[in-house]
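Residues per chain, in single letters:
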Amino acid sequence: MRFLASLLLFVGTAAACAAAEPEGHFRRPVALVAQGERLFVANQRGSISVIDTRTNRLLQETPCGQRLADIASTPWGLMAVDEQAGQLLRLEALADGRVRETGVARIPGQPVSLALSPDRWLGSVASLWGQRLTFVNLEAMKTVAVLDLPFSPRKQWWSADRQRLIVADAYAGQLAVVEVTGQADVDVTPRIVSLRQFEGHNIRGLAYDSQTDELVFAHQLLNGQTHTTRERVFWGSVVSNVLRSVPLSHLLQKPAERATAKQNARPADPPEPLPGDQQEVPAPWDIAHWSFYPLGNPNLAAGDPGELLITPAGQTVVLYAGVDQLAARRRPTQGFERIDLGRRPSGLALHGDGRRVYTANTFDDSVSMLDLETFQTETISLGPTPEPTLADQGESLFYDARLSLDGWYSCHSCHTDGHANGAINDNLGDDTFGSPKRILSLLGGHDTGPWAWTGSQATLSDQIRKSLQLTMRDDKQDQATDANVAALTAYLQTLQPPPSILAARAADPPSVESAASIARGQAIFSRQGCVECHVPPTYTSSAVYDVGLHDERGRTEFNPPSLRGVSQRRSFFHDGRARSLSDVVQRERHQQTSPLKAAEARDLIEFLKSL
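Residues numbered from 1 in each chain as written. Predicted model: local features only at pLDDT ≥ 70, side-chain atom pairs only at ≥ 80, totals over all residues. Heavy atoms only, no water.

Below, the discussion takes up helix H7 (residues 460-471). Each α-helix turn comprises 3.6 residues. Residues three or four places apart therefore point the same way. Across its 12 residues, H7 extends 15 Å between first and last C-alpha, which sits within 8% of the 16 Å expected from 1.5 Å per residue. All of the buried residues along H7 are Leu460, Gln463, Ile464, Lys466, Leu468 and Thr471. Residues of H7 that are buried in the fold lie against strand E30 (424-425) and helix H8 (482-492). Of the residues flanking the end of H7, it is Arg473, one or two places downstream, whose phi is positive at about 60°. (Helix = DSSP H or I, 4+ residues; strand = E, 2+ residues; numbered from the N terminus. Expected span 1.5 Å × (residues − 1). Buried < 20%, exposed > 50% of the residue type's maximum accessible area, 1.4 Å probe, protein only. Contact = heavy atoms within 4.5 Å.)

With that settled, the discussion passes to the environment of Lys142. When you line up the elements, Lys142 lands in strand E12 (residues 142-148). Note: C-alpha distance between Lys142 and Leu122 (20 residues apart in sequence) is 9.9 Å. Residues within four places of Lys142 in sequence aside, it is in contact with Phe135, Val136 and Asn137.

All chains considered together, the criterion is met by 0 disulfides. Not part of a disulfide, Cys411 finds its nearest cysteine sulfur in Cys414, a span of 9.0 Å. Here Cys530 stays unpaired: no disulfide links it, and the sulfur of Cys533, its closest cysteine neighbor, is 8.5 Å away. (Disulfide = S-S within 2.5 Å.)

Taken as a whole and judged by the stated rule, the model has 14 aromatic pairs. When the ring of Phe198 is compared with that of Phe217, the centres are 5.9 Å apart and the planes differ by 55°; the resulting orientation is tilted. Highlighted residues: Phe198 in strand E16 (residues 189-209) and Phe217 in strand E17 (residues 214-222), separated in sequence by 19 residues. Between Phe398 and Tyr491, the ring centres sit 5.5 Å apart and the planes meet at 55°, which makes this aromatic pair tilted. Of this pair, Phe398 sits in helix H5 (residues 390-398) while Tyr491 sits in helix H8, and the two are 93 residues apart along the sequence. For Tyr491, a relative accessible area of 7% translates into the label buried. Every member of this aromatic cluster is reached through a ring pair, and the members are Phe363, Phe398, Tyr399 and Tyr491. (Phe/Tyr/Trp six-rings, centres within 6.5 Å; stacked < 30°, edge-to-face > 60°.)

Another point: the pairing of strand E7 (residues 87-93). The buried fraction of E7 is high, at 5 of 7 residues. Sheet analysis places strand E6 (residues 77-82) next to E7, joined by 5 bridges and oriented antiparallel. Paired with Leu78 across the strands is Leu91, a residue of E7. If you look at the hairpin formed by E6 and E7, you'll find 4 residues sitting between the two strands, and Gly86 has a positive phi there, around 70°. Remark: 5 residues form the turn of the hairpin made by E7 and strand E8 (residues 99-106), two consecutive strands paired antiparallel; Gly97 in that turn has positive phi of roughly 100°. (Pairing = 2+ DSSP bridges.)

Spatially, E1-E2-E3-E4 is the arrangement adopted by the 4 strands of the open sheet, whose pairing is antiparallel. Looking along the sheet, the strands with just one partner apiece sit at the ends: strand E1 (29-35) and strand E4 (57-63). Each adjacent strand pair in this sheet contributes to an overall mean axis angle of 20°, direction not counted. Strand direction decides the pairing type here: strand E2 (residues 38-43) and strand E3 (residues 47-52), joined by 6 bridges, are antiparallel. Note on E3: the bridge partner recorded for Ala42 is Ile48. (Axes fitted to C-alpha atoms, helices over the stretch in contact; angles between N-to-C directions.)

Here 4 strands make up an open sheet; going across it, the order is E22-E23-E24-E25 and the pairing antiparallel. Of all the strands in the sheet, the pair left with one neighbour each is strand E22 (305-310) and strand E25 (337-340). Pairwise comparison of adjacent strand axes, ignoring direction, gives a mean angle of 20° for this sheet. Across 4 bridges, strand E24 (residues 325-329) lies against E25 in antiparallel orientation. Counterpart to Leu326 in the pairing with E25 is Ile339.

See below:
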């Protein structure tokens, strides 16, 4: 029956790994995995490249999927995550270096990562916009469980006993500890047992250190109250890049054990539930025990730390994605040695010999090999590429931390993958210091002018130039050039709004009950006058309004942010004072002409979640 199920899945799906492509195209490698003497590279633009690790030569490239995000090796073949098509693809590696599809599982909500259980029977797939985990029996390619989360997930890690799964927020410093019971082919039951949090954002590296029994996180730390003056950027006071090590025993501690262990938990409300959530989500509490290792120094920063790897021998490798480098140390007591790589190294894989590490250089269409004994590198081209468009150039600049003073942070550092890290920043965006503002998402922002919370920037280009000069601290004016501004503008114009969480989670059209609630909420939205500031279809407007709020400088007029994709945010208003849509509607009663009844508030929130 398992074979038949897999066969039917394959027959019912278009062969995604088939025809050859012309050579001159971009691949954008983002993830890789070593299997025997071959390295399989998942390319974001929809192909798999295969490298012979005995010779470090490219064997083949096979078009596969639409937009690949991750790849892993299992006893049943390779597994590739296709975030655009919403699928997990099972692939067979052929003798000539090509791959072919042998199975598929549907994963809605933009899947971005795959983590294998220790026995490699079960895969957990994290969906960014769906804010959920999908558990797949990898032999049968069958979904066996789904768990909704209170945040957008990305990095994952399984405990050795397969009973715990750690899931990291893609934007903020939040973790979910998931208990997983049952067998991979029958009754898998996942459950969130705790939510943990620390100050930080952009968790892009996650690895287990077996020698210390700690989980290590590579992430950034934005001090929202620190002004973006040259001195503070220079010393790394605005954005720090760090490795944070947390004892596994502390991380896995259950909330009921806090009093015994005398933990100091920050008071917090449970995350806002969504229709269809399977369990009551616990309130988050602080991680109290950790150690810190700062990355980078004044004059030589380490912007945007990314993938992280700790070898069985205790060697640590971390990517400095924003400055195109890899940092490695042979022992925990030693400092890191920095090694130049291609542009935006984004993926790491350890060869079976334990000596060689491979990295995917996204904007160079190349792979680098590092020998951990000699620290010598070799670069492998994935093939010829065409001339980049203006938007392609802008994308590369967006992720380049060298646009900032000494390379401390990039545009992506605050506007994570074009979205937002949920923090506040004091960056002269309103022409003052001392009144930090919430960082806005750039997804779909190209048609929502004017820009900045004060609406002071008439064009997107004006906003970009000001950010380069005052937020990134380009004091020499060698980055805020007309060419760079034009390229960044072109890239931002390609970014579309995120889907609503209801759309991202729905496999089918909304139920009659849900559709009716959304319709009632839309009527309330109009009746309450929300449409005067948040005008469809962009759900914003060009004016500034006094809506009863003020900042630290006494300013009372703000330009309304667009409400498209508002369900994908975790803080609201200029200062982030509201932590949920329920806070906005029920606690703040924002701009209500008359108080809403509980049922009306639920309908309005349901409508907002549909945008």
